[in-house]
2 protein chains.
Amino acid sequence: MTDTPPRPEDQADRFTRAREVQAVALLEDYVEMIGDLIAEMGEARVADLAARMGVAQPTATKAIARLKREGLATARPYRGVFLTEAGAALAERVRARHRVVVELLIALGVPEKVAELDAEGIEHHVSDASLAAFEAFLRARG
Amino acid sequence: MTDTPPRPEDQADRFTRAREVQAVALLEDYVEMIGDLIAEMGEARVADLAARMGVAQPTATKAIARLKREGLATARPYRGVFLTEAGAALAERVRARHRVVVELLIALGVPEKVAELDAEGIEHHVSDASLAAFEAFLRARG
DNA sequence: AATGCTCTATAGCCAAGGCTTCATTTTGAG
DNA sequence: CTCAAAATGAAGCCTTGGCTATAGAGCATT
Ligand SMILES: [Mn+2]
Ligand SMILES: [Mn+2]
Ligand SMILES: [Mn+2]
Ligand SMILES: [Mn+2]
């Protein structure tokens, strides 16, 4: 019955962390998608980015502005979006993590379509420690 | 090399879903916490709620206003916050899902502290289908 | 019963991330 | 070349979810 009540600050850390993750989740998805578009089509146009992200074009433009502000991307007006070195590195990490999360879900018996949907949100909250555990688990069962 | 490019709308669904989940994540954490406080202390005061969520008191007040608007909670000024039936039901579901996610992470070899941190964000993106798969996996390995 | 302390509400600010509408630049068809 | 269509940028609106500062209500201790 009478558990020791948790120290409020400790509990708050969990939510603070989740909020911080949330703040970068959008950037992560955008750099990954910009990388995809460049790989698939040779360039990342604002319109394509917006279509793939499921937002209106000005929303994508605003996101790109934030990517530029954070040093993750550059853009030449009417020409397309490009990743900086930092952006490309982030994209690579994000893509790898995304893949691992999808594979883990599938390995746990989640239907592929559902795995793809859930992973898009889950991935951002997966710490390096958890990611390592996921990879070890996947390796251990070939 | 030349994969068939994904249909943009299909890909967009993933992000749309993640955005929808995000919109309710905060409500889920609040109702769960309100339930915790009532269970532990007999009542949920705004100040305690704010401390546990790691936000300033007016931020908690504003969140409570949204809970009321959505029919999940009621509040008597200067008296505390209460869950409606819908709120209590949501809290119960959220609590159960939270527990399963933490247990899964631990079962996969994630350190307990890390599991608690990561789960707080991951849980909201875990669909019913994934949750069922997680439970099956946990059951299968006792 | 008074009064001070604690808790809560209110007001007002900011940034992020959606949106629509409209102006401007590029592009490409004829 | 021209000029209309398409793409992009710019402006301005909304909601959410943070914050600080301050006013007011409730409570407890004398
Ligand atoms: Mn994602
Ligand atoms: Mn992703
Ligand atoms: Mn949570
Ligand atoms: Mn939770």
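Residues numbered from 1 in each chain as written. Chains lettered and ligands numbered in written order. Predicted model: local features only at pLDDT ≥ 70, side-chain atom pairs only at ≥ 80, totals over all residues. Heavy atoms only, no water.

### Quick look at the packing of aromatic side chains
As enumerated under the stated definition, the model contains one aromatic pair over all chains in all. Between the aromatic rings of A:F137 and B:F137, the centroid separation amounts to 5.7 Å while the plane-to-plane angle is 85°, which identifies the pairing as edge-to-face. Of the two residues, A:F137 is situated in helix α6 (residues 128–140) and B:F137 in helix α6 (residues 128–140); the pairing between them involves two chains. No difference in accessibility class separates A:F137 from B:F137, as the two residues are buried. (Phe/Tyr/Trp six-rings, centres within 6.5 Å; stacked < 30°, edge-to-face > 60°. Helix = DSSP H or I, 4+ residues; strand = E, 2+ residues; numbered from the N terminus. Buried < 20%, exposed > 50% of the residue type's maximum accessible area, 1.4 Å probe, protein only.)

### Concerning the interface of chain A and chain B
At the interface, 43 residues of chain A touch 43 residues of chain B. Buried surface at the junction of chain A and chain B, summed over both partners, amounts to about 3,500 Å²; 64% is from carbon and sulfur atoms. If you sort the residues of chain A by the area they bury against chain B, A:R14, A:F15 and A:L108 come out on top, with a joint share of 17%. There are four salt bridges connecting chain A and chain B. Broken down by secondary-structure element, the contributors of at least two residues to the side of chain A that touches chain B are α1 (8–41), α2 (46–53), α4 (85–107), α5 (112–122) and α6 of chain A. (Contact = heavy atoms within 4.5 Å. Buried area = accessible area lost by both parts, 1.4 Å probe. Salt bridge = Lys/Arg side-chain N within 4 Å of Asp/Glu carboxyl O.)

### Re the environment of A:I64
Residue and element names in this part refer to chain A. For I64, the location among the structural elements is in helix α3 (residues 57–69). The class of I64 is buried, set by a relative accessible area of 4%. Remark: the alpha-carbon pair of I64 and E20, spanning 44 residues in sequence, is separated by 20 Å. Those residues in contact with I64 that sit more than four places away from it in its chain are V46, L49, A75 and V81.

### Quick notes on the relation of the copies chain A and chain B
Mapping chain A onto chain B is achieved by rotating through 180° and translating by 0.0 Å along the same axis, at an RMSD of 0.0 Å. Taken together, the rotation and translation relating the two chain copies correspond to the operation of a two-fold axis. Rotation axis and chain A: the residue whose C-alpha lies nearest the axis is A:I122, separated from it by 2.5 Å. Most of the interface of chain A is mirrored in chain B, where 100% of its interface residues again form contacts. (Least-squares fit on C-alpha atoms with pLDDT ≥ 70 in both.)

### Some thoughts on the coordination of the manganese ion (ligand 2)
All names here are of chain A. Around the manganese ion (ligand 2), the protein contributes the donor atoms E32 (OE), H98 (ND1), E120 (OE), E123 (OE) and E123 (OE), which lie 2.2 to 2.8 Å from the metal centre. Expressed as a motif, the donor residue spacing for the manganese ion (ligand 2) is E-x65-H-x21-E-x2-E. A separation of 3.5 Å is found between the manganese ion (ligand 2) and the manganese ion (ligand 1), which share E120 as a coordinating residue. Here E32, found in helix α1, pairs with E120, found in helix α5; they are 88 residues apart in sequence, far enough to count as distant. Judged by relative accessible area, which is 8%, E32 ranks as buried. (Donors = N, O, S within 2.8 Å, 3.2 Å for Na, K, Ca; no water.)

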